[in-house]
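Observations on the model geometry
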Amino acid sequence: MCVDYNCNLLVVTGPTASGKTGRAVDLAKALDGEILSADSRQIYRGMDIGTGKDLEEYDDVPYHLIDICPAGYKYNLYEYLRDFDNAYADVRQRGKFPILCGGTGLYVESVINGIRLPEVPENPELRDSLRGKTLEELTEILSHIKVLHNVTDVDSCQRAIRAIEIQTYYRLHPDAAVKTEPHPMPNVVIVGVDIDRENRRNRITRRLRSRLDEGMVDEVRRLLDSGVPPENLIYYGLEYKYLTNYLTGRMPYDDMVNELEIAIHQFAKRQMTWFRGMERRGFHIDWVPWDLPKDEFLHRVMNLLPKK
């Protein structure tokens, strides 16, 4: 790790299409660092174009928490925090500078907040009692047992039921709930890649068209042909939800493209809402313009790192 800095973790985050991966790679090269991904979908193997892995962008910079699960698996926050801890310890033990890069706000905030979760088993009886309820009904139930900071808890019935299951477990096992209390990581620098709404929208539109041209439809078709159930791909949302609906005959191609583009714009807006929420919850994010020249960006960020 670069010995001149007293920094346990550098975070590079921002909305989709802001160019944060390239910025993190430049920083890793300058700081003798390695990248730990904070992207909830890039963990899946075979989901490459739709998640925007762009692995060639890493050049020779080592990365972690990408391609660690098979497509179709339902990875969760407990597993991510466990795997992050292992990867982070490995990076630090080898004397490299750890850089957390990604736009999944829940992952980013949970890591730097020091939250660690016990493994929560399935509750078949509870699941049976909730089966058939609408998303609105499930959201109402969940709102009575936890504060809904995380909108991804209630973006599908499956997720809402799992969230209720987890909170019910914590109520029955207070000793496990204690482990979820925050223990913030010291000496963390959070850099947000700041891109204005208009440029963000234009980049999202161009990137979607490019990914379709690169074979994103064929990628999802291969996943379906390999035996991944359609409902599992739909569970991942965005590209995989809409492309699966198209490939299974539920919507025509042009409608799929138009609705997917709208959904990605809405997703980017939700990401920014999360980051603003982090700031209200006491996290300081240094927002750095997305279009700064490389050397200026590096200079700005490296000046934010506390010296020993």
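Now for a look at the structure at hand. (Residues numbered from 1 in each chain as written. Predicted model: local features only at pLDDT ≥ 70, side-chain atom pairs only at ≥ 80, totals over all residues. Heavy atoms only, no water.)

With respect to the helices and strands, the residue Q158 is situated in helix α6 (residues 157-172). Judged by its relative accessible area of 43%, Q158 is partly exposed. Sequence-wise, Q158 and I264 are 106 residues apart; in three dimensions their C-alpha atoms are separated by 21 Å. Of note is the side chain of Q158, whose polar atom sits 3.4 Å from the side chain of K74. (Helix = DSSP H or I, 4+ residues; strand = E, 2+ residues; numbered from the N terminus. Buried < 20%, exposed > 50% of the residue type's maximum accessible area, 1.4 Å probe, protein only. Polar contact = N/O pair within 3.5 Å; in protein donor to acceptor, adjacent residues only side chain to side chain.)

Let's shift gears to the sheet that holds strand β8 (residues 285-289). The parallel open sheet is built from six strands, whose spatial order is β4-β2-β6-β1-β7-β8. The sheet terminates laterally at β4 (63-64) and β8, the two strands that pair on one side only. Its contacts with the sheet put helix α3 (residues 105-112) on β1 (9-13), β6 (97-101) and β7 (188-194), and the angle it makes with β1 is roughly 165°. Contacts between helix α12 (residues 253-280) and the sheet are confined to β1, β7 and β8, with β8 contributing the most and set at about 135° to the helix. (Pairing = 2+ DSSP bridges. Contact = heavy atoms within 4.5 Å. Axes fitted to C-alpha atoms, helices over the stretch in contact; angles between N-to-C directions.)

The element strand β2 (residues 33-37) is extensively covered by neighbouring structure, given that five of its five residues are classed as buried. Going residue by residue along β2, you find G33, I35 and S37 tucked away on one face and E34 and L36 tucked away on the opposite face as well. As defined by bridge partners, β2 adjoins β6 across five bridges and the pair is classed as parallel. Residue pairing across strands places G33 opposite F97, the latter belonging to β6. Both β2 and β4 contribute to a ladder of two bridges, which runs parallel. Bridge pairing in β4 places I35 opposite Y63.

With that settled, the discussion passes to the side chain of D83. Within the fold, D83 resides in helix α2 (residues 77-93). D83 gets classed as buried once you look at its relative accessible area, which sits at 17%. Residues in contact with D83, not counting those within four places in the same chain, are L65, I68 and Y75.

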